[in-house]
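Secondary and tertiary structure notes
Listed below, chain by chain, are the residues.
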Amino acid sequence: MFISSGFSLALGLEEDALGDHFKQADTLSSAVFIRYPEMEDYPNIIIAEDGTELGYGAHQDVDLLVLLAQSNVQNLQALTGDGTYRDVPPNDTCFLVNAGTYMDYLTHGVYRAVWHRVKHRNIDRL
């Protein structure tokens, strides 16, 4: 497992340390492609405590890793150490790598699962 090898080495562990937790017969891998179309009547807009309109509320990803191909539309926010949400600058030339709660668990919090949310943007995008 190429990605898990890199994370193992970055932790100062043997290359296959994290990979040992994943056996091909037991591993579920998935890829999700989501398109967010512009909609006349956008459903389920959430209003956060700070007044921000959200398309998706605060959460942590439960996966090992999430690789997010961003668009040039700024809508992702991450919770900071001072308890506020800050915009994550979009960059449509690279992937954002987000550790999930499983990675947090396996690394004893070295790679943290970050609380994040998605601001409402009624703009056609991937």
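What follows is about the overall build of the chain. Tallying secondary structure elements over the chain gives two helices and seven strands in all. Helices and strands appear in the chain in the N-to-C order α-β-β-β-β-β-β-α-β. Dimensions along the principal axes, computed over C-alpha positions, put the chain at roughly 50 × 30 × 25 Å. Going through the 126 residues of the chain one by one, you find that 29% of them count as buried. The contacts of the chain with a sequence gap of at least 6 include a subset with a gap of at least 24, amounting to 66%. By element, 55% of the accessible surface of the chain is carried by carbon and sulfur atoms, the whole surface being about 8,900 Å². One finds the centroid of the 8 positive side-chain charges in the chain at a distance of 5 Å from the centroid of its 18 negative side-chain charges.

Take a negative patch on the surface next. A cluster of acidic residues, Glu14, Glu15, Asp16 and Asp20, forms a negative patch on the protein surface. Following the sequence through the fold, glutamate 15 ends up in the loop between helix H1 (2-10) and strand E1 (46-47). The partly exposed category is assigned to glutamate 15, whose relative accessible area is 47%.

Throughout the structure, instances matching the rule amount to two aromatic pairs. Measuring from ring centre to ring centre gives 4.8 Å for phenylalanine 7 and tyrosine 111, while their planes differ by 85 degrees; the resulting arrangement is edge-to-face. Here phenylalanine 7 is found in helix H1, whereas its partner tyrosine 111 is found in the loop between helix H2 (101-106) and strand E7 (116-119), with 104 residues between them in sequence. Given the relative accessible area of 17%, phenylalanine 7 is considered buried. Judged by relative accessible area, which is 21%, tyrosine 111 ranks as partly exposed. With centroids separated by 6.5 Å and ring planes inclined at 15 degrees, the aromatic side chains of tyrosine 102 and tyrosine 105 adopt a geometry described as stacked. Highlighted residues: tyrosine 102 and tyrosine 105, both in helix H2, separated by three residues, approximately one helical turn. Classification of tyrosine 102 by relative accessible area gives partly exposed; the value is 31%.

This part is about unusual backbone geometry. With a phi angle near 50 degrees, histidine 108 is a residue other than glycine that sits in the positive phi range. Topologically, histidine 108 is positioned in the loop between H2 and E7. A residue is classified by how much of its surface remains accessible, and histidine 108, at 76% relative accessible area, is exposed.

Let's shift gears to the pairing of strand E4 (residues 76-79). Where E4 lies against E7, three bridges are found, and the strand directions are antiparallel. Residue pairing across strands places leucine 76 opposite valine 118, the latter belonging to E7. Where E4 meets strand E5 (residues 85-87), three bridges bridge the pair, whose relative direction is antiparallel. Directly across from alanine 78, in E5, lies its bridge partner arginine 86.

Rules used in this analysis
- Counting from 1, residues in each chain are numbered in the order their sequence is written.
- The model is predicted, so local features are restricted to residues of pLDDT at least 70 and side-chain atom pairs to those at 80 or more, both for listing and for counting; the totals for chains, interfaces and linings are taken over all residues.
- Excluding hydrogens and water, the side-chain values take into account all heavy atoms of the structure.
- Each helix is a run of DSSP H or I of at least 4 residues and each strand a run of E of at least 2, with the numbering of both proceeding from the N terminus.
- In this scheme, a residue with accessible area under 20% of its type's maximum is buried, one over 50% is exposed, and one in between is partly exposed, where area comes from a 1.4 Å probe on protein chains only.
- Whether two residues are in contact is decided by their heavy atoms, any of which lying within 4.5 Å being enough.
- Per-residue accessibility takes into account occlusion by the displayed protein chains alone, with areas from the Shrake-Rupley method and a 1.4 Å probe.
- Only four residue types enter the tally: Lys and Arg on the positive side, Asp and Glu on the negative side, with His and both chain ends excluded.
- Throughout, a charge is located at the NZ atom of Lys, the CZ atom of Arg, the CG atom of Asp or the CD atom of Glu.
- Distance thresholds for patches are 9 Å for like charges and 5 Å for nonpolar side chains (Val, Leu, Ile, Met, Phe, Trp, Tyr), applied to residues having over 30% relative accessible area and no salt bridge.
- Salt bridges are defined by distance alone: a side-chain nitrogen of Lys or Arg within 4 Å of a carboxyl oxygen of Asp or Glu.
- Pairing of aromatic rings covers Phe, Tyr and the six-membered ring of Trp, with a centre-to-centre limit of 6.5 Å; geometry is then stacked below 30 degrees between planes, edge-to-face above 60, and tilted otherwise.
- DSSP calls a pair of strands paired once it identifies at least 2 bridges connecting them.

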